[in-house]
Each structure stands twice: as C-alpha cells, then as structure tokens.
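# Geometric and topological summary
What follows is each chain in one-letter form.
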Amino acid sequence: RMLEDDGERLKFRHDLLREALYEDLPASVRVGLHREAGQRLAASGAEALQVAEHLARGAGRGDAEAVAWLTMAASQAAPRSPAVAAELLERAVGLADPADPERDRLLVERAGALMWSGKLADAEAASRSLLDRDLDPAVEATARLWLARTLGAQGRLRDTLRELEYVQQSAALSDELRAGAGAAEAMARLQLGDLDGAVKAAEQARGATALPGHHPAAILAMTSLAIVEELRANLDRGLQLIDEAVRLADQSPQRRGHQEVVHLARGNILMELDRLQDARSTLQTGRRISEELGVRWRLPLYQAVLGMERFLAGAWDDAMAEFEAALALTEETGERHSLVLTHSVTSL
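Residues numbered from 1 in each chain as written. Predicted model: local features only at pLDDT ≥ 70, side-chain atom pairs only at ≥ 80, totals over all residues. Heavy atoms only, no water.

### A few points about the overall build of the chain
Definition in use: Each helix corresponds to a stretch of at least 4 residues labelled H or I by DSSP, and each strand to a stretch of at least 2 residues labelled E; elements are numbered beginning at the N terminus. Whether a residue is buried, partly exposed or exposed follows from its accessible area with a 1.4 Å probe, protein chains only, as a fraction of its type maximum: under 20%, in between, or over 50%, in that order. Whether two residues are in contact is decided by their heavy atoms, any of which lying within 4.5 Å being enough. Note on areas: Shrake-Rupley, 1.4 Å probe, and residue coverage restricted to the protein chains presented here.
When helices and strands are tallied, the chain shows 18 helices and two strands. Taking all 348 residues of the chain together, 49% fall into the buried category. For the chain, long-range pairs separated by at least 24 residues make up 55% of all intrachain contacts whose partners lie at least 6 apart in sequence. For the chain, the accessible surface area stands at approximately 17400 Å², while carbon and sulfur atoms represent 49% of it.

### Re the packing of helix H2 (residues 27-43) against helix H3 (residues 48-57)
To keep it simple, the criterion reads: Axes, fitted as lines to C-alpha atoms, cover a helix only where it is in contact. Angles between the N-to-C directions of the axes lie from 0 to 180 degrees. Angle categories: roughly parallel below 35 degrees, roughly antiparallel above 145, roughly perpendicular from 65 to 115, and oblique for all the rest. Here a crossing is taken to be left-handed if its near helix is turned anticlockwise relative to the far helix by less than a right angle, and right-handed if that turn runs clockwise. Note on residue categories: nonpolar means Ala, Val, Leu, Ile, Met, Phe, Trp, Tyr, Cys or Pro, charged means Asp, Glu, Lys or Arg, and polar means any other residue, Gly included.
Look at H2 against H3: their axes get within 7 Å of each other, and the N-to-C directions meet at 155°. Taken together, H2 and H3 sit at an angle that is classed as roughly antiparallel. The handedness of the crossing between H2 and H3 comes out as left-handed. Where H2 approaches H3, its residues Val31, His34, Arg35, Ala37, Gly38, Gln39, Leu41 and Ala42 are matched on the opposing element by Gln50, Val51, His54, Leu55 and Arg57. Of the residues belonging to the contact of H2 with H3, the class tally is six nonpolar, five polar and two charged.

### Considering unusual backbone geometry
Among all residues except glycine, the phi angle is most often negative; among peptide bonds, the trans geometry is most common. The residue Ala233 is not glycine, and still its phi comes out positive at about 70°. With respect to the helices and strands, the residue Ala233 is situated in the loop between helix H12 (216-231) and helix H13 (235-251). Despite not being glycine, Gln254 shows a phi value in the positive range, around 55°. Locating Gln254 in the fold gives a position in the loop between H13 and helix H14 (262-272).

### A closer look at the nonpolar core
A general trend in soluble globular proteins is that nonpolar side chains are found buried together. Our working definition: As used in this record, nonpolar core signifies buried Ala, Val, Leu, Ile, Met, Phe, Trp, Tyr and Cys residues forming a set joined through side-chain atoms within 4.5 Å.
Leu70 and Trp297 are the most contacted members of the largest nonpolar core, which totals 46 residues. Breaking this core down by element, the ones donating at least two residues are H3, helix H4 (64-77), helix H5 (82-95), helix H6 (102-116), helix H7 (120-131), helix H8 (137-153) and helix H15 (276-293). Apart from the residues lying within four places of it in its own chain, the contact partners of Trp297 are Met115, Trp116, Gly118, Leu120, Ala153, Thr333 and Glu335. Counting residues in hydrophobic clusters, the runner-up holds 40 residues, among them Ile227, Val261, Leu270 and Val305.

### Side note on the pattern of salt bridges
What counts here: When a carboxyl oxygen of Asp or Glu is within 4 Å of a side-chain nitrogen of Lys or Arg, the pair counts as a salt bridge.
Applying the stated criterion to the full structure yields 32 salt bridges. Ionic pairing is found between Arg280 and Glu309, a salt bridge with its closest N-O pair at 3.3 Å. Here the residue Arg280 occupies a position in helix H15, and Glu309 occupies one in helix H16 (residues 299-312), the gap between them amounting to 29 residues. Residue Glu309 is classed as buried on the basis of its relative accessible area, which comes to 1%. In this structure, a network of salt bridges that share partners links the residues Glu124, Arg128, Arg156, Asp159 and Arg162.

### Overview of H7
So the rule is basically this: Given the number of residues in a helix, its expected span is that number minus one, multiplied by 1.5 Å.
Taking 1.5 Å of rise per residue, 12 residues should cover 16 Å, and H7 covers 17 Å from first to last C-alpha, within 8% of that figure. The elements touched by buried residues of H7 are H6, H8 and helix H17 (316-333).

### Some points on the pairing of strand S1 (residues 3-6)
Quick note on the threshold: If DSSP finds at least two bridges between two strands, the strands pair.
Where S1 and strand S2 (residues 9-12) come together, four bridges link them in antiparallel fashion. Within the sheet, the bridge partner assigned to Asp6 lies in S2 and is Arg9. Where S1 folds back onto S2 in an antiparallel hairpin, the turn is made up of two residues, including Gly7, whose phi is positive at roughly 75°.

Here's what the structure looks like:
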C-alpha cells in the first residue's frame with residue numbers, strides 16, 4: 001500500500017515513503033536511473049529545467065550533455081528568475097571540464113544573473129575572479145561590463161566608468177556589448193552630473209544600428225535622455241521620451257527592457273509635473289514588474305521613490321514605512337543609490 005490512485009497516474013501515499021525508497025537505492029543505481037529519466041524526458045520534449053535536473057543528478061565531471069541542458073534551463077529561467085538561473089549555471093560550471101573554453105562563458109553568465117538577482121557582492125566577486133586571469137577578449141569584455149553594472153548599482157560610479165573604458169577599448173567588442181557599455185556609461189555620467197557626457201554616450205548607444213529599438217541597451221539610453229530633459233526642466237519632452245521607452249520595454253522579448261529603470265524615471269517626471277497619483281501608479285507598476293522579473297536590486301530604489309511621493313503628498317507615516325522597507329532591501333542587496341534619497345527625506 002505504498003501507492004495510491006491519482007486519476008490517470010499512481011502516486012506515493014506519502015513523500016516519506018518515496019524518499020525512503022529513493023535513499024535505499026544504491027548510489028550507482030540512482031545515478032543511472034536519473035540519467036535514463038533525463039534522456040527519456042528530453043526525447044519526449046519535456047521542459048529543459050525538468051530534463052536538466054535529472055541529467056545533472058546522473059552526471060559526472062565533463063558531462064557535456066548535462067552541461068548543455070543546465071545552460072538551456074538557465075537561459076529559460078533568466079527572464080523571470082535570475083536567482084534560479086545563477087544556481088543552474090553554478091551547477092553547470094561544476095560539471096564542466098575545467099579545460100573547456102565554454103566554462104568561462106558560463107561563469108560570465110552566472111555573474112550577470114547574480115547581479116540582476118540582487119546579489120551584488122557575489123556578482124562583483126564572480127566578475128573579479130574571472131578578470132584575475134587571461135580570458136578570451138569577448139568573454140573579458142562581457143565580464144567587465146557586468147562588473148561595471150554591479151559597481152554602478154553600488155554607487156561606485158567612477159570605478160564604473162573606468163571598467164567601461166576597458167570594455168570600449170576591447171578589439172572583440174560586438175555591437176550588442178558596445179551598445180550596452182554606452183548605455184551604462186550614459187547612466188553613470190548622468191548620476192555624476194555630467195549631462196552633456198550622458199547625452200553623447202546615450203546617443204551613441206542608440207545609434208548601434210545592428211540592434212533593434214527594443215533592446216535593453218537602447219531602452220536604458222532613452223531613459224538617460226529622458227532624465228537629462230527632466231533635469232534641464234524640459235518636462236514635457238522628458239515625459240515623451242520616457243513614455244516611448246516604456247512602450248519599447250513592453251514590447252521587448254520576455255519584457256527584458258523592464259530590467260532597466262523606465263518606471264522609476266517616469267515616476268520622477270510625473271512627480272515634477274505634480275501628477276502624484278499617476279506617479280504612484282507607475283512606480284507601483286515598476287516595482288511589481290521588477291518583482292516578477294526577479295530583479296531585486298531595483299526594489300530599494302522603487303521603495304525610496306515611493307517614499308518621496310508619499311512625502312510630497314503629505315502622507316508622512318506612509319512615507320516613513322516606504323523608507324524603512326527601502327533600507328531593509330538595501331541591506332539585503334547591497335544597492336546604494338537609494339540611500340541618499342532615503343536619508344535625506346527621512347531627515348525632512
């Protein structure tokens with residue numbers, strides 16, 4: 001009586017029974033069964049994550065098939081859960097042959113997934129460990145770009161620009177990397193107060209003709225241009241630009257354009273226009289999408305700007321609650337930009 005009916009299938013009467021039987025199998029038998037299960041699932045067209053889970057449990061070092069499935073599963077998971085993608089890539093790296101040149105590419109992808117998931121200290125360490133040795137130029141440029149984005153999220157903007165300079169000097173720079181570096185440079189220069197430099201870098205990123213307009217780099221560049229217009233008091237032009245950036249983010253594959261700060265910028269512009277209710281709505285939308293995409297290091301920024309909106313509306317108790325949430329998320333992720341706004345408005 002270990003099994004019972006479950007419609008068209010049988011199921012174990014209790015998980016403890018299943019676990020007891022599983023653990024009672026010799027390790028070599030478990031490995032073989034996992035491998036066979038993974039291969040049969042692959043042949044039946046099952047999801048990559050399900051196939052990868054079995055093949056990884058049945059794999060040894062250098063198992064290219066298991067590494068390939070784990071990599072595919074990570075790619076599928078990344079748009080909605082970069083934390084899961086980072087975990088899958090870590091397992092793929094553990095199985096990859098140390099002499100395989102693809103192993104460095106997996107490590108770079110893992111650094112990016114760690115950054116988006118809000119594990120900024122881990123992302124920085126992962127990027128720097130790669131840059132401590134000789135790399136393929138394209139892999140090195142990607143690693144430096146992720147390091148630059150990670151440093152920028154921590155508020156270390158001059159270090160960000162230094163890494164981006166290395167990226168842009170690379171002989172192996174693809175159009176995609178060039179646009180990504182230019183857009184990141186625009187945002188860093190903007191945050192340092194170099195508005196002319198931000199505009200120049202953003203226009204160069206948008207001019208990467210090999211990329212479609214909905215690419216995240218183009219969306220980040222447009223966002224930087226919108227913020228420049230806001231700071232120059234051209235609010236209507238800024239709103240026009242950021243509305244276009246939001247539209248492109250909505251149309252981007254798997255909504256990856258929303259990994260950038262489009263709704264934060266739009267919320268700030270709407271506050272400048274005294275449209276507080278609209279600002280709060282767009283900020284709440286941006287926070288929700290960031291949560292859905294697993295982009296946790298954006299969350300402290302959303303909480304802080306929502307606190308600013310509550311302060312301007314005179315709902316000061318609500319503002320303090322938003323700032324307390326922002327501080328907790330800052331502590332969790334290592335993000336730093338929100339701290340200035342949080343402490344400044346809290347003091348007021």
